Amino acid sequence: MSEIIVMIRSEIGMNRVSILSNQTFQDFVNKVAQILNKPPESLLLNLEGAQISSKVPPTMQIKSIPKFENGAFINVLIDTKKAQQKPQQIQTPEQPKVYTAFGKLANTQQIQQVDHKIHENKDHALSQFCQHGPQAKCINCLSETLKKVDKQEKTEINKCKHGEGGRCLNCAPYEQEKKNTKVANKILCQHGPNGKCPHCIDEGQIEAKHVSFDQYLHDMKFKCRGQHPENGRCNNCLPPTMISYKLKKDCKNHAPYPKAMCNNCLPPSILLKRQVYRHVDYVEFLNIPEMSNLVQYWTSKGKTEQRMGFLYGYYAADPNYQNGVRAIVEAIYEPPQKGSVGQVELLKDPAQSHADEIANSLEMEKIGWIFTNVNHDCFLSSEELRQAAKYQQLHSIKHPEGCLVSKFLTVVLRTKKDNPDEVVPEVYMVSDQGQQLEYDGIFQNSRRRKVLQVREPKDELDVLPSFVYNGKSVKEFEPDFFIVNVAHGYNPNSNYNTFKLYDFPVENRSVVAKQQDLKAFLHKHQKKPSYHRFADFHLLLYLSKLIDIHSIVNITTFIASECEVPNELLDIVKMYATGA
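Residues numbered from 1 in each chain as written. Predicted model: local features only at pLDDT ≥ 70, side-chain atom pairs only at ≥ 80, totals over all residues. Heavy atoms only, no water.

(A) Summary view of the packing of helix α8 (residues 352–361) against helix α14 (residues 549–561). Relative to each other, α8 and α14 sit at 25°, their axes nearing to 9 Å. Taken together, the axes of α8 and α14 are roughly parallel relative to one another. Between α8 and α14 lies a crossing whose hand is right-handed. Counted together, H354, E357, I358 and S361 of α8 and I549, I552, V553 and T556 of α14 form the full contact between these two elements. Across the contact of α8 with α14, the residue classes break down as four nonpolar, three polar and one charged. (Axes fitted to C-alpha atoms, helices over the stretch in contact; angles between N-to-C directions. Helix = DSSP H or I, 4+ residues; strand = E, 2+ residues; numbered from the N terminus. Parallel < 35°, antiparallel > 145°, perpendicular 65-115°, else oblique. Left-handed = near helix turned anticlockwise from the far one by under 90°. Contact = heavy atoms within 4.5 Å. Nonpolar A, V, L, I, M, F, W, Y, C, P; charged D, E, K, R; others polar.)

As structure tokens, then:
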């Protein structure tokens, strides 16, 4: 009985799913349905271009399915019609007849009292409908069990979606003994003594000041429950759309502007307040050595030349938050740049497409940007916030509810105010409102870092939205109103990294990688399997320039599946390394 780990690609991004080889195909479908929060019958699974949902019998074991192996990529499509159908209600068995000592039929209250006395000390509570022993479980005792879970000391491992022999990102930090869990995980915390994060919370979901976006939509729909048909929409359950803050010039209620104008044409007024939801709830850094390398290089320059890079990784469901989304960072690409004390200027980069192609071949994508900073006057300056908004707009995608959203992250590596030698990451996003205001060209350049300024109208026909704070109209304000905080942490377990190595020289720095660096790197890791030896993002980038991008993409397929790289490709790399 072995474990198989595959990648699934769906409308919510990439997810890693583990399943035992002796489990059935239906078990796998149910697990995927649970992750996507969709009915199993609405899922259409494709493995290497072949549709397997209808061809593979539900009872077939995973090990018997052709090409279903470690590292396989499965595309999941959703049948919207079946997804909107009500789930089939579970029929509970008829309650068995129970008689009292006097031969009379016992009522429901008497049965519940007896059942409670019998099972009150068990690991989970049974209901009067259960037909099994005290150690088994069924759908009937689930609701009773959930009531007891809050009183028991269980670790976060109960959030995993795999079998007993499986492992995933959720249970990796919690494999220590129960008595050592709190102490071991507390080392990973990045907050004060009164703060909380996934590392120091043992059970239950995290109470965050920002609600997950999908949970926010769920709560909106709940407000109008029963007031209209399930397929109907009202102001309460409509998803937040990307509202335009420009003057509407194509209103059909009157002659075109500027000949006529009505209230519907005017851009909406803006009440300055923080956004209550966020599109990413938690960021997990798997590339700790790479981040340390970036900090060390920045420090070697006296922290006078700021650095930036793009983050590559993938998104997954986060069980620590209701309908939560987790971003997993695996690599940093540092483009050609010129840094100064206060900013970074990006230069022309012909190799950016190579970085994107290598990441995409490993089922990753560009999920954010990272930069260094020594300022402590604000979380994000007006210029930094506007740049983050531009990146988010550039990487917006269509949500299943029909609105445009962005999950693009902003990570700041900042020195501590009380200890300049210590550098810690901070993760932010720009609110949807701030992103749209920047896209509509409402802001102007500001000379003050802590102030966002509304631009002046170009002429009398240029109408701008009004900004209101504390009942007063304002023209400038702090960027904090448009900042969304994102929780973050590290995972010390490297078993789940696609990139296993981070010691090849980083591109676009003062010291350029040379042929002897490639030779020394391959010699250093010669005893490792070839798919492990080539699992370095910066090595692959260097080889893509040295050889060609198509050959490197071919190598990444063996890295993803953890299979030995063919000798033909190894000989090509060896030839360039030795010059022979």
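Still more to cover.
(B) The arrangement of the packing of aromatic side chains in detail. By the definition in use, this model includes 18 aromatic pairs. Ring centres 5.1 Å apart and planes at 65° place the aromatic pair Y469 and F481 in the edge-to-face group. Residue Y469 is located in strand β21 (residues 467–469), and its partner F481 is located in the loop between β23 (476–477) and β24 (483–485); the two are separated by twelve residues in the primary sequence. Looking at Y469, the relative accessible area reads 36%, which means it is partly exposed. (Phe/Tyr/Trp six-rings, centres within 6.5 Å; stacked < 30°, edge-to-face > 60°. Buried < 20%, exposed > 50% of the residue type's maximum accessible area, 1.4 Å probe, protein only.)

(C) Focus on the nonpolar core. With 70 residues, the main nonpolar core has F467, F477, F482, F534, F537, L543 and I555 as its most contacted residues. Ranked by the residues each element gives to this core, the list is headed by helix α13 (residues 537–546), at six residues. Those residues in contact with F482, other than ones at most four positions away along the chain, are L272, L385, M429, V430, S431, Q433, G434, L437, F443, L452 and F477. Judged by nonpolar contacts, the second largest core, of 23 residues, contains I35, L47, I65 and A72. (Core = buried A, V, L, I, M, F, W, Y, C linked by side-chain atoms within 4.5 Å.)

(D) Looking closely at the sheet that holds strand β18 (residues 423–430). Taken in spatial order, the eight strands of this open sheet run β24-β18-β17-β14-β10-β11-β9-β25, and their pairing is mixed. The sheet is open, and its two borders are formed by β24 and β25 (487–490), each paired with just one other strand. The mean inter-strand angle of the sheet, taken between neighbouring strand axes irrespective of direction, is 35°. Across six bridges, strand β17 (residues 409–415) lies against β18 in antiparallel orientation. Looking at β18, one finds that T415 is bridged to V423. Along the sheet face, α8 touches β10 (308–318), β11 (324–333) and β14 (365–373) and points at about 20° away from the line of β10. (Pairing = 2+ DSSP bridges.)

(E) Spotlight on helix α7 (residues 288–300). Helix length check: α7 (13 residues) gives 18 Å between terminal C-alpha atoms against 18 Å at 1.5 Å per residue, within 8%. For α7, every residue scored as buried is listed here: E290, M291, L294, V295, Y297 and W298. Buried residues along α7 cover an arc of 160° about the axis, so they all sit on one side. Facing away from the buried side of α7, by more than 90 degrees, are the exposed residues Q296 and S300. Backbone geometry just after α7 places G302 at a positive phi near 75°. (Expected span 1.5 Å × (residues − 1). Arc of directions from axis to C-beta.)

(F) Looking closely at unusual backbone geometry. Positive phi outside glycine occurs at N323, with the angle close to 55°. By secondary structure assignment, the location of N323 is in the loop between β10 and β11. For N323, a relative accessible area of 33% corresponds to the partly exposed category.

(G) Structural detail: empty space enclosed by the protein. All told, the structure shown has two cavities of 30 Å³ or more when counted by the stated rule. Of the voids in this model, the second largest cavity is the one considered here, and its volume is about 40 Å³. Listed by contribution, the elements that provide at least two residues to the lining of the second largest cavity are β18 and α10 (432–439). Among the residues making up the lining of the second largest cavity, the classes are represented as three nonpolar, five polar and two charged. (1 Å grid on protein atoms, 1.4 Å probe; cavity = no way out; pocket = protein on both sides within 12 Å on 5 of 7 lines; lining within 4 Å. Points joined across faces, edges and corners; volume = space filled by probe spheres on them.)

(H) View of a nonpolar patch on the surface. A surface patch of nonpolar side chains, amounting to about 230 Å² of accessible area, comprises I572, M575 and Y576. Within the secondary structure, Y576 is located in helix α15 (residues 567–578). (Patch = residues over 30% accessible without salt bridge, like charges linked within 9 Å, V, L, I, M, F, W, Y side chains within 5 Å. Areas by Shrake-Rupley, 256 points an atom, 1.4 Å probe, with all protein chains shown as cover. Salt bridge = Lys/Arg side-chain N within 4 Å of Asp/Glu carboxyl O.)

(I) How the structure looks around the pattern of salt bridges. One pass over the structure, following the stated rule, counts 17 salt bridges. Put simply, E284, D318 and R326 are held in one network by salt bridges that share partners.

(J) Region of the structure containing the environment of Y315. Tracing the sequence through the fold places Y315 in strand β10. Using a relative accessible area of 6% as the deciding quantity, one classes Y315 as buried. Between the C-alpha atoms of Y315 and M14, which are 301 residues apart in sequence, the distance is 5.4 Å.

(K) Region of interest: the side chain of K407. Along the chain, the position of K407 falls in the loop between β16 (404–406) and β17. Despite its burial, K407 remains without a salt bridge, the nearest opposite charge being carried by D214 at 6.5 Å. The contact partners of K407, leaving out residues within four places of it in the chain, are I12, H279, V280, Y315, V325, I367 and M429. (Lys, Arg positive; Asp, Glu negative; His and termini not counted.)

(L) Seen up close, the confidence of the model for the protein chain. A residue-level look at the protein chain finds 77% of positions with pLDDT of 70 or above and a mean pLDDT of 80. Low pLDDT (under 50) marks residues 172–185, which in the prediction has 20 contacts with non-local residues, meaning those over four places away or in another chain. (pLDDT = per-residue confidence, 0-100.)

(M) Spotlight on the pairing of strand β5 (residues 73–78). As defined by bridge partners, strand β1 (residues 3–10) adjoins β5 across three bridges and the pair is classed as parallel. Each residue of the ladder has a partner; that of M7, found in β5, is F73. Here strand β3 (residues 43–47) pairs with β5 via five bridges, running antiparallel. Across the sheet, L47 pairs through a bridge with I74, a residue of β5.

(N) The arrangement of the sheet that holds β23 in detail. Ordered by their spatial adjacency, three strands build an open sheet running β19-β20-β23, and the pairing between neighbours is antiparallel. If you trace the sheet from one side to the other, it starts and ends with β19 (443–444) and β23, each paired once. Bridge count for strand β20 (residues 452–454) against β23 is two bridges, and the pairing is antiparallel. Following the sheet pairing, Q453 is matched in β23 by E476.

(O) Broad picture of α14. Under the 1.5 Å per step criterion, the end-to-end length of α14 is 19 Å for 13 residues, consistent within 8% with the ideal 18 Å. Among the residues making up α14, those that are buried are I549, S551, I552, I555, T556, I559, A560 and S561. Next to the buried residues of α14 lie β5, α8, α12 (530–533), α13 and α15. Sitting at the amino-terminal end of α14 is D548, which places a side-chain oxygen 3.1 Å from the backbone nitrogen of H550. (Polar contact = N/O pair within 3.5 Å; in protein donor to acceptor, adjacent residues only side chain to side chain.)

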